[in-house]
Amino acid sequence: MNAITIGSTGAVGRDLLTVLARDPAYERVDVLVRRAPALPPTNAEKFHVHIVDFERPKTWQEFVQGDVLFSSLGTSKKQAGGKGQQWRVDHDYQLTAAKAARANGVPKMVVVSSVGADPASSFFYLRMKGEIESDLQALTFPSLTILRPPSLIRHPAKRLTETLSVKALQALNAVGLFKRMKPMPTLDVARAMAHLAQDEAQGMNIVSGQDILFHR
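Since this is a predicted model, take the numbers as computed values, not measurements.

What counts and what doesn't
- Residues numbered from 1 in each chain as written.
- Predicted model: local features only at pLDDT ≥ 70, side-chain atom pairs only at ≥ 80, totals over all residues.
- Heavy atoms only, no water.
- Core = buried A, V, L, I, M, F, W, Y, C linked by side-chain atoms within 4.5 Å.
- Buried < 20%, exposed > 50% of the residue type's maximum accessible area, 1.4 Å probe, protein only.
- Helix = DSSP H or I, 4+ residues; strand = E, 2+ residues; numbered from the N terminus.
- Contact = heavy atoms within 4.5 Å.
- Expected span 1.5 Å × (residues − 1).
- Patch = residues over 30% accessible without salt bridge, like charges linked within 9 Å, V, L, I, M, F, W, Y side chains within 5 Å.
- Areas by Shrake-Rupley, 256 points an atom, 1.4 Å probe, with all protein chains shown as cover.
- Salt bridge = Lys/Arg side-chain N within 4 Å of Asp/Glu carboxyl O.

1. Points about the nonpolar core
Right, on to step 1. Counting 28 residues, the largest nonpolar core has Y26, F70, L147, V189 and M193 as the members making the most contacts within it.
Right, on to step 2. For this core, the secondary-structure elements that each account for two or more residues are α1 (11-22), β2 (28-33), β4 (68-71), β5 (108-112) and α6 (186-196).
Right, on to step 3. Apart from residues lying up to four places away in sequence, L147 is in contact with V110, V111, V112, S113, S114, V189, A192, M193, L196, V207 and I212.
Right, on to step 4. If you look at the next biggest cluster of nonpolar residues, it comprises 25 residues, including F54, A98, I132 and F141.

2. Some words on helix α4 (residues 124-137)
Right, on to step 1. In this model, α4 (14 residues) spans 20 Å end to end at C-alpha, consistent with the 20 Å of a helix rising 1.5 Å per residue.
Right, on to step 2. Check the buried side of α4 and you find it contacts α3 (83-103), β5 and β6 (143-148).

3. A few points about a nonpolar patch on the surface
Right, on to step 1. On the surface, L39, V49 and I51 cluster together to form a nonpolar patch covering roughly 230 Å² of accessible area.
Right, on to step 2. Tracing the backbone through its elements, the reader meets I51 in strand β3 (residues 47-51).

This is the structure:
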């Protein structure tokens, strides 16, 4: 299989590159990034890195060709500099790449969203994730898989609040509460992405919460 990835400098994206490097099912990986990623040392010849400006799709859309587009693209409101810029990255850039994939005949897309994603949500983040899910569905990929993981365990964690929220959930899980929201390592999400892309399922497939672990 030939894969395309966007969002490869984030926690899930970095783990996905490692998974794809080791998986013999993937022969070539085109990596579209805004800055150079840290590539896995294993099977480095698989990777073809394209430093792109997502604001100028005509300069990179030719590279969005293959069997599957993987997206783990996303940022935080703080990193982006506000809600508007976060929407631009999480929604607009992702949708632009997906449109390029459809125009080039890419039959599959596998995307990381979030538990609770809902275009009608009163919470900005969940509404944004719900909107991008709806817009991707409207592109009518022959196969669209959406992963909705719970809180993610990143190494290292980006923020103190992230570390504290994960530890709080783990403490509640230990006494049998919020089991569906048990924090999940980013590597498990990456493994599930790679495996789900090899399925023959057609149409839209949503894999949420702990169900993601069955596809590692």
